[in-house]
Amino acid sequence: MSALAGDLLPTTLRTLRVGFESTAIAVGLGIPAGAALGLGRFRGRGPLLAVANAGIRMPPVAVGMALWLLMYPTSVWGGGPLSGLDWLYTTSAVILAQSLLALPIVIALTAAATQRVPNDLLDQARAFGAGTFASALLALREARIGVLAAVTAALGTALVSFGAVTIVGSSLGDATLATAALVQWGAGGHDGQAAATGAVLIGMFLVIAALLTALQQERGPATVVVRPG
Amino acid sequence: MRFLGEMLSEAFNQIGSGNAELLATTWRTLELALISTAIALLVGLPLGLLLGERATRWPRRGLVLANAGLGIPPVALGIYVAFLLLPGWPLGGLRWTYTLPALIIAQTLLAFPLVVALTASAVRGLPAGLLDQARAFGASWWHRGVFALREARVGVLTAIIAALGSAVAEVGAVVIVGGNVRGRTNTLASTILLDISASNPAGATADLIVLVALVLVLGGILTFVQQRERGRHRLAVART
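**Focus on the overall build of chain A**
Here comes step 1: A tally of regular secondary structure across chain A gives 10 helices and 0 strands.
Here comes step 2: Element order for chain A, N to C, with α for helix and β for strand: α-α-α-α-α-α-α-α-α-α.
Here comes step 3: A total of 229 residues make up chain A; the buried ones form 54% of that total.
Here comes step 4: Residue pairs in contact within chain A that sit at least 24 positions apart in sequence constitute 79% of those at least 6 positions apart.

Encoded structure:
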């Protein structure tokens, strides 16, 4: 049965839920990590930034396949290291995958944004007795446009990226997202539903694009690349 | 852990023995990425140049559009391209449904805003007055363009690598427009989906390894060039 035959509304709501939850996880972990990489002066900072930047380019299917191998359930060959979670083909796996895709975007963009905060300002704050945490908060507030752009780009990725979802989730049944449902179009017979699902995705994209444009007008990053699907 | 070990050793065996199908898929992936990037460059470079050079009202709007287009959902773009190619639709006469040319159309459309936006922002980042000076010395539009692109080459290269990377990594539009037909329209990335649904995890692991290697090589080239030119142009990490 084609997933497109299902109702549009539950699929849309599920897509939004997964998108927001994974973005929340990525933001919760990524902003502190990005600020540490952007502001910190510790050994290994360069390589870690390089890893975050390489992570942005990692194809979603590759992330999904790696997770699939790790989460493969116990079988005659044994299971993957994460088989104990029992997450394969559940919404939890989808959220994990989308968080992992969004995380390097948040880290790299937050690091880039906090790096642009003038050093004098932070030195001054420290001179007035601000600790590491307080001056990091100050830097994040100064770089808020860039950080917001990072969050928006992460949300865009979590909503429209499809490659990982289809491997660790299932394209069929109750866990379907809008993207995954659309790819089932080839199964045939649901052109109208496919056009509608496409329109829903374009609508989400327009909201994200408008947000990013508004942020860029406020002197945010010149271009923000959302990961290919 | 035994499962992971089995999969990896079987995958490396397949790669090491020069699996013909894997080789053909890799070649098809590169072909798709190179052709679609080339077409996107052909149209996108002049346009990006134009939008970057002039800061008047319309170019600025065009740039906003190109920037926004970076995030277009590939699956949504794919479904409408697929519709256009169906018999009875405007491009139906071409009979391109589920063929490589259809894939090239979709990937070119995805790469186009990347090329335009990154080229324009690279040209815009050139020192103020540099291009005016060239114009004052009587350089033609063509010469000024070549000059500007050469000066902004790191940005242009970033655009090329991003477009190639997008074509290599993308699966949404590839599966919808190309149908993921094994041996005809599958790419490295979409073969992972085929192998997983055909219960061939070792094959999917082999695809995964080749795909990641390809992406790392592309990224490595970009990093290398950026490092070499670092003194001249400081690129924000976000642009990769």
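**Quick look at the overall build of chain B**
Here comes step 1: Counting its secondary structure elements, chain B contains 11 helices and 0 strands.
Here comes step 2: Beginning at the N terminus, the succession of helices and strands in chain B can be written as α-α-α-α-α-α-α-α-α-α-α.
Here comes step 3: Viewed in the frame of its principal axes, chain B has a C-alpha envelope of about 65 × 50 × 25 Å.
Here comes step 4: In chain B, which comprises 240 residues, the proportion classed as buried is 48%.

**Structural notes on the packing of helix α1 (residues 8–39) of chain A against helix α7 (residues 144–160) of chain A**
When two helices pack together, their arrangement is given by the angle between the helix axes and by the axis-to-axis distance.
Residue and element names in this part refer to chain A.
Here comes step 1: Put simply, α1 and α7 touch, their axes get as near as 8 Å, and they point 140° apart. By the criterion of interaxial angle, the relationship of α1 to α7 is oblique. Pair α1 / α7 crosses with right-handed handedness. Contacts between α1 and α7 pair Thr15, Gly19, Ser22, Thr23, Ala26, Val27 and Ile31 from the former with Val147, Val151, Ala154, Leu155, Ala158 and Leu159 from the latter.

**Remarks on the interface of chain A and chain B**
Interface size is commonly expressed as the accessible surface area that is lost when the partners come together.
Here comes step 1: At the junction of the two partners, chain A supplies 52 residues and chain B supplies 49 residues.
Here comes step 2: Listed by contribution, the elements that provide at least two residues to the side of chain A that touches chain B are α2 (45–57), α3 (60–71), α4 (91–115), α7, α8 (163–168), α9 (178–183) and α10 (191–217) of chain A.
Here comes step 3: Counting residues per element, the side of chain A that touches chain B draws most heavily on α10 of chain A, which supplies 9 residues.
Here comes step 4: Among the residues making up the side of chain A that touches chain B, the classes are represented as 36 nonpolar, 15 polar and 1 charged.

**Regarding the environment of Gly169 of chain A**
Here comes step 1: Checked against the element boundaries, Gly169 of chain A lands in the loop between α8 and α9.
Here comes step 2: Residue classification places Gly169 of chain A among the buried residues on the basis of 26 C-beta atoms within 10 Å.

**Some words on the nonpolar core**
Here comes step 1: Membership of the largest hydrophobic core comes to 149 residues, with the highest contact counts inside it found for Ala97, Val106 and Ala154 of chain A.
Here comes step 2: Ignoring anything within four residues of it in the chain, the contact list for Ala154 of chain A reads Thr23, Ala26, Val27, Ala102, Ile105 and Val106 of chain A.

**Some details on helix α2 (residues 20–53) of chain B**
Here comes step 1: With 34 residues, α2 of chain B extends 48 Å from end C-alpha to end C-alpha; this agrees with the ideal 50 Å at 1.5 Å per step.
Here comes step 2: At Gly44 of chain B, α2 of chain B shows its maximal kink, close to 35°; a proline, Pro46 of chain B, follows between one and four residues later.

**Remarks on the confidence of the model for chain B**
Residues and elements named next belong to chain B.
Here comes step 1: Looking at chain B as a whole, its pLDDT mean stands at 87, while 95% of the residues score no less than 70.
Here comes step 2: Here residues 233–240 scores under 50 on pLDDT; set against residues more than four positions off or in separate chains, the count is 25 contacts.
Here comes step 3: With pTM at 0.88, the complex prediction returns an ipTM value of 0.85.

**With respect to the environment of Leu114 of chain B**
Residue and element names in this part refer to chain B.
Here comes step 1: Its location among the elements puts Leu114 in helix α5 (residues 100–124).
Here comes step 2: We classify Leu114 as buried; it has 28 C-beta atoms within 10 Å.
Here comes step 3: Sequence separation of Leu114 and Leu41 is 73 residues, and the distance between their C-alpha atoms is 9.6 Å.
Here comes step 4: For Leu114, the residues in contact, after removing those within four places along its chain, are Leu70, Ala159, Ala162, Ala163 and Ser166.

**Focus on unusual backbone geometry**
Here comes step 1: The backbone of Tyr89 of chain A sits at a positive phi, close to 65°, despite the residue not being glycine.
Here comes step 2: For Tyr89 of chain A, the location among the structural elements is in the loop between α3 and α4.
Here comes step 3: Given 18 C-beta atoms within 10 Å, Tyr89 of chain A falls into the partly exposed group.
Here comes step 4: Even without being glycine, Asn180 of chain B reaches a positive phi, approximately 55°.
Here comes step 5: Position of Asn180 of chain B relative to the elements: it lies in the loop between α9 (172–178) and α10 (188–197).
Here comes step 6: Asn180 of chain B sits in the buried class, given 21 other C-beta atoms within 10 Å.

Each value, and the rule that gives it
Residues numbered from 1 in each chain as written. Chains lettered and ligands numbered in written order. Predicted model: local features only at pLDDT ≥ 70, side-chain atom pairs only at ≥ 80, totals over all residues. Helix = DSSP H or I, 4+ residues; strand = E, 2+ residues; numbered from the N terminus. Buried ≥ 20, exposed ≤ 12 C-beta atoms within 10 Å, placed from the backbone. Contact = placed C-beta atoms within 7 Å. Axes fitted to C-alpha atoms, helices over the stretch in contact; angles between N-to-C directions. Parallel < 35°, antiparallel > 145°, perpendicular 65-115°, else oblique. Left-handed = near helix turned anticlockwise from the far one by under 90°. Nonpolar A, V, L, I, M, F, W, Y, C, P; charged D, E, K, R; others polar. Core = buried A, V, L, I, M, F, W, Y, C linked by C-beta atoms within 7 Å. Expected span 1.5 Å × (residues − 1). Bend = angle between axes of the 7 residues up to and from the residue. pLDDT = per-residue confidence, 0-100.

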